[in-house]
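Inside the fold
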Amino acid sequence: MIKTFLHKILLAVFMLFMFCKGLHGQNEDIETALGLDPSSQKWQKIDTDHALIIFPEGAGHLAQRIAALLMAIGEQESGSVGGMAQKVPIILHSNSTIPGGVPFIGPWKSDWITTPSQLFFAGPVEWMDLLTIHEYRHHQQMARAKHGWFADFLRVGLGQTGWFVSMLMIQPTWFFEGDATYAETMLSNAGRGRTPNFDRDYKALRLSGRHYDYEKANRNSKRDFVPNIYREGFYMVSYARKHFGNDVWLKVLDDTYKRKGIFYPFSRSLKKYTGFTTKELYAATMKELDSIWQAEQNQLDLTSSTLRSAKPHKVFTSYRFPHYASDKSIIAEKSAFNEIKTYYRIDENGKEQKMFSPGFITEDHTNMSLAGNLMAWSENTFHERWGLKDYAVIKTYNVATGQKKKITAKSRYVSPAPSYDGKMIVTVWLKKDGTHDLVILNAETGKVINILPNPDQCFFSYPKWMEDGSAVVVTVTNKNGNAIRYYNIQHGDFEDLTEFNDQLITRTFPKGEYVYFSAAYTGIDNIFALRLKDKSLYQVTSTRFGAYDPAVSPDNSRLVFSEFTADGFELREMELDQGRWRKYIKVLPASFRHFESLAVQEGGNVLEDIQDTTFVVGKFRPFLKSPINLHSWNPVIENPNYGINLTSENIMSTAKATAGFEYNSNEKSWKTSGILSYGALYPIFDIGFSHGERNSELIYSESNIRYNGKWRENIIFGGVRIPFNLSSGNYTTKMQIGGAYQYRDLQFKDEITNPLRNGNFGAISVAYNFERFQQSARQFVAPRFGQTFNILYDQTINTTQNEGSRFQIDGGLYFPGMFKNHSFFTFGSYKKEEVTDSYRFQDNFFPSRGYNNDIFVDGRFDSNAYDDIYRVSLNYAFPLGFPDLSLGSIAYVRGVKATLFYDHTEAMFEQEKIFMRSAGVDISLDVPLFRLLQPEFIVRFVNRFDLPNAGQKSNFNVEFAFDIVDLVF
């Protein structure tokens with residue numbers, strides 16, 4: 001029993017370090033996370049029993065709504081996950097145009113972006129209502145994860161990070177997101193569980209015969225399209241509640257955290273209360289859905305259409321936002337597992353001509369519009385310093401002349417649509433105060449021509465021009481649902497063409513006497529047509545899984561749209577024959593279809609229970625609120641340094657501190673250190689210290705010897721750095737410049753070093769870092785285009801006995817390989833350092849692969865003490881396959897790649913050259929572990945050309961390595 005218990009503890013500690021490597025091991029040289037909002041931002045707060053809501057001035061109405069909604073959730077006490085969470089700080093950010101919310105445990109807080117999505121993926125519900133229900137549910141789940149012996153054990157050892165790790169190890173990620181999706185659906189009049197596009201992905205796979213097992217459903221496959229865990233989780237959570245009662249998950253969670261052991265307690269507790277393990281519950285859920293979906297499919301009377309895009313590809317490929325050009329070709333966005341988003345022109349025979357790749361835009365706002373010869377779309381750009389301040393700028397492209405242009409800068413415009421004469425653009429303006437306007441711009445200059453009235457404060461999505469330029473149609477959303485609105489530009493008035501309802505309406509396209517759009521009226525998203533003169537509604541398409549993005553040909557004879565399939569979105573085309581349309585009479589409310597009864601169990605629509613309450617608003621001063629917030633012990637796993645740090649980070653992400661101890665495996669020495677970084681201002685200021693032992697090879701000229709020097713070193717330092725986010729287009733670009741002053745005190749302990757070198761002196765350090773990478777597709781093994789460049793200079797000052805300097809430069813270039821998924825890249829490094837009778841800075845130069853500091857067994861230069869050293873590395877990477885091979889619940893082989901390499905290192909010391917050349921291949925395995933970690937295992941076969949012929953070591957060697965790339969979560 002003791003042996004078994006110790007085995008579990010040791011394995012738990014090993015897994016813990018691996019988890020924390022994934023959480024904290026991404027030690028980027030260019031940091032942008034410290035300092036999310038401008039230093040000039042004024043903050044206010046609402047303090048309630050459930051949350052401390054911190055918000056920018058001007059967003060008080062949003063904070064009041066959140067506070068009232070949390071109070072309503074608390075009064076409902078559904079009990080499905082055990083009531084309210086402990087009080088949580090919620091920070092609202094209004095400077096970003098990218099919607100989202102992130103709950104944290106270390107530190108305990110939640111960051112929410114107030115900007116809504118153009119695509120109401122959860123149905124027509126107000127954005128902050130949806131975000132509040134979903135993200136707060138996560139904090140309720142996290143509060144449940146705080147209980148139990150394992151969570152207590154990790155919290156004692158690691159603080160809040162241990163709490164988070166215990167949750168990840170015990171609660172499946174599908175439950176974490178599935179239960180939150182369940183909450184947003186059951187506690188509102190919308191939610192993803194009510195929308196057909198949420199069912200669409202699994203329905204298409206299952207009815208196409210692609211019955212992936214439980215293991216594959218929980219992996220982000222690089223070979224096949226696998227829906228995200230939100231869907232799988234929602235289905236499984238709902239199925240269990242439907243068949244075993246609304247409190248089944250409360251029972252399962254309580255039992256899970258009481259169980260001893262760390263292996264599959266969730267599945268064992270689930271088996272206790274449902275008779276199913278997690279895999280069995282997944283199978284039962286899918287079986288029930290198969291029956292429901294197949295019965296629905298049997299009732300469909302499908303419309304005919306022809307394939308306009310290329311025949312199904314070998315990899316998952318999608319075509320979106322098609323528009324007819326004047327030459328009858330179609331311009332659309334194409335993306336695939338092996339290709340980033342790119343605009344293509346497709347002729348009548350299906351032949352594709354590549355145009356260009358647009359810049360980054362969040363999926364929530366993705367759209368492209370074409371009228372006449374002018375294309376328009378939005379791209380995200382970023383503030384160079386503040387992590388959560390960004391923009392949405394408008395770009396245009398003239399398909400006749402090939403001229404591309406950016407017409408706005410530092411704007412917040414999404415879904416731009418040009419008029420047919422190319423003179424105006426209508427767009428949605430995302431205002432920082434949470435309100436929205438429909439704006440008309442000059443298509444040449446980007447200047448505002450008109451702002452259309454919005455008296456009922458609706459949110460606008462996907463506007464389009466009428467052909468004559470006299471009016472605009474747009475989808476509007478408010479608390480009553482969504483509708484299609486018609487704006488008369490000349491008179492400034494508007495008319496709602498449909499009644500407000502809960503069925504999602506997207507991407508209108510007016511043409512002639514009709515407005516075409518995609519809607520969920522039939523339980524499957526299809527194309528509908530609304531006749532303007534009498535508001536008659538017609539169903540134009542009947543598809544298996546969903547039809548989107550309608551566009552009509554210039555002669556009004558044909559319709560093109562995107563139809564979803566198990567292989568991706570296809571472009572389909574059909575004749576516009578009104579005689580074959582089906583008149584649609586009544587729009588029914590959105591429903592859960594197969595989970596309707598669960599809403600009553602959960603307590604019903606909590607939005608109807610919100611009280612008209614005004615909460616007290618006060619000023620919030622970030623610096624005075626928990627400037628020191630010790631929350632976690634975090635392992636340090638950054639080769640060659642290993643250790644543990646106590647971490648402090650305030651909830652506003654402006655100050656961070658760490659203190660702990662580390663072991664350097666190169667020098668075989670320990671040190672204690674600490675650093676405090678303050679990032680509320682434009683620069684980031686660092687102060688810190690270190691105390692420890694140093695072991696490094698030194699060269700003493702008077703005796704002409706080299707020896708292992710040992711000394712104690714104390715350092716106090718202060719520095720400043722400025723990180724820049726220069727990302728634009730489809731390139732992520734980051735840069736950082738910085739410098740520091742160090743006070744160093746040395747006390748040598750070996751018997752050779754001149755005692756006169758004991759004492760203190762100063763040193764300066766200057767660094768520059770730059771990286772630029774093009775966006776990657778899922779199957780890319782390395783960037784196809786990219787550049788890295790780093791400079792480091794260190795110099796001692798105010799000393800004669802410990803003079804020393806180091807200059808190092810590193811760079812890399814990435815290029816496309818022979819095929820889409822291949823990449824050629826090269827690295828270069830150069831270091832010049834004073835090594836004789838000099839102070840040695842800690843070395844971070846890596847020689848050729850296959851070599852290390854003691855590789856020369858004949859005693860020649862068995863060190864890294866060189867006056868000059870450079871390395872050039874040539875690499876060619878390509879995938880060997882994407883096997884999707886399950887090794888039970890422990891591991892999953894998702895991808896295998898090979899990297900051919902040749903490394904050339906040349907070092908110089910006192911006019912003698914040392915070569916370290918090698919060639920070989922790295923075989924890298926992408927093997928997610930325990931459904932949580934994404935490690936990369938590397939097996940290296942290397943031949944070393946410059947080993948001494950002493951016979952003790954072989955030129956050929958096999959090496960092993962691994963790194964934690966990320967968390968699956």
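About the cut-offs
Residues numbered from 1 in each chain as written. Predicted model: local features only at pLDDT ≥ 70, side-chain atom pairs only at ≥ 80, totals over all residues. Heavy atoms only, no water. 1 Å grid on protein atoms, 1.4 Å probe; cavity = no way out; pocket = protein on both sides within 12 Å on 5 of 7 lines; lining within 4 Å. Points joined across faces, edges and corners; volume = space filled by probe spheres on them. Helix = DSSP H or I, 4+ residues; strand = E, 2+ residues; numbered from the N terminus. Nonpolar A, V, L, I, M, F, W, Y, C, P; charged D, E, K, R; others polar. Pairing = 2+ DSSP bridges. Axes fitted to C-alpha atoms, helices over the stretch in contact; angles between N-to-C directions. Salt bridge = Lys/Arg side-chain N within 4 Å of Asp/Glu carboxyl O. Buried < 20%, exposed > 50% of the residue type's maximum accessible area, 1.4 Å probe, protein only. Contact = heavy atoms within 4.5 Å. Core = buried A, V, L, I, M, F, W, Y, C linked by side-chain atoms within 4.5 Å. pLDDT = per-residue confidence, 0-100.

1. A look at empty space enclosed by the protein
With the rule as written, the count across this model stands at 11 cavities of 30 Å³ or more. Each pocket or cavity is described by its volume, and for the second largest cavity that value is around 100 Å³. Every residue lining the second largest cavity is listed: Phe321, Pro322, His323, Asn367, Met368, Tyr462, Lys464, Arg507, Thr508, Phe509, Asp549 and Pro550. Secondary-structure elements contributing two or more residues to the lining of the second largest cavity are β7 (317-324), β19 (459-465), β23 (505-511) and β27 (547-552).

2. Comments concerning the layout of surface pockets
Within this model, the second largest pocket holds a volume of roughly 720 Å³. Every residue lining the second largest pocket is counted, 26 residues in all, and those nearest its centre are Glu126, Asp129, Gln457, Asn478 and Lys479. Counting only elements with at least two residues in the lining of the second largest pocket, the list comes to α2 (60-76), α3 (127-144) and β20 (471-478). Residues that form the lining of the second largest pocket fall into these classes: 10 nonpolar, 11 polar and five charged.

3. Digging into the sheet that holds strand β26 (residues 537-539)
One open sheet holds the five strands; their spatial order is β23-β24-β25-β26-β30, and the pairing between them is antiparallel. Every other strand in the sheet has two partners, leaving β23 and β30 (582-584) as the edge strands with one partner each. Across the sheet, the mean angle from the axis of one strand to that of its neighbour is 30°, orientation sign disregarded. Bridging between strand β24 (residues 514-519) and strand β25 (residues 526-531) involves six bridges; their strand directions are antiparallel. Note on β25: the bridge partner recorded for Val515 is Leu530.

4. A look at the pattern of salt bridges
For side chains of opposite charge, pairing can occur when their charged atoms come near one another. As enumerated under the stated definition, the model contains 64 salt bridges in all. Between Arg582 and Asp301 there is a salt bridge, with the nearest N and O atoms lying 3.4 Å from each other. Here Asp301 lies in the loop between α12 (278-298) and β6 (306-307) and Arg582 lies in strand β30, a separation of 281 residues in the sequence. Residues Lys897 and Glu936 are paired through a salt bridge, measuring 3.5 Å at the closest nitrogen-oxygen approach. Taken together, the residues Lys897 in strand β46 (residues 895-909) and Glu936 in strand β48 (residues 933-944) connect sequence positions 39 residues apart. Here Glu936 falls in the partly exposed class, since its relative accessible area comes to 22%. Taken together, the salt bridges that share partners define one network made up of Arg849, Arg871, Asp903, Asp922, Arg940 and Glu959.

5. What about helix α11 (residues 265-274)?
Those residues of α11 that fall on the buried side of the exposure criterion are Pro265, Phe266, Ser267, Ser269, Leu270 and Thr274. Buried positions along α11 lie against α5 (160-170), α6 (173-186), α9 (229-244), α10 (248-258) and α12. Where α11 terminates, the next one or two residues include Gly275, which has phi positive at roughly 85°.

6. Some remarks on the nonpolar core
Soluble globular proteins tend to pack their nonpolar side chains together in the buried interior. Among the nonpolar cores identified, the biggest contains 94 residues, and Ile53, Leu92, Trp174 and Trp249 are the most heavily contacted of them. Ranked by residues supplied to this core, first place goes to α2 with nine residues. Ignoring anything within four residues of it in the chain, the contact list for Leu92 reads Trp43, Ile53, Ile54, Phe55, Pro56, Leu62, Ala63, Ile66, Trp112, Thr114 and Met128.

7. Considering the confidence of the model for the protein chain
Summing up the model confidence of the protein chain, the mean pLDDT is 88 and the portion of residues at 70 or higher is 91%. Low confidence marks residues 1-32, where pLDDT is under 50. Its contacts with residues over four positions away, or in another chain, come to 58 contacts. This stretch, residues 853-862, has a pLDDT under 50; its non-local contacts, to residues over four places away or in other chains, come to 26 contacts.

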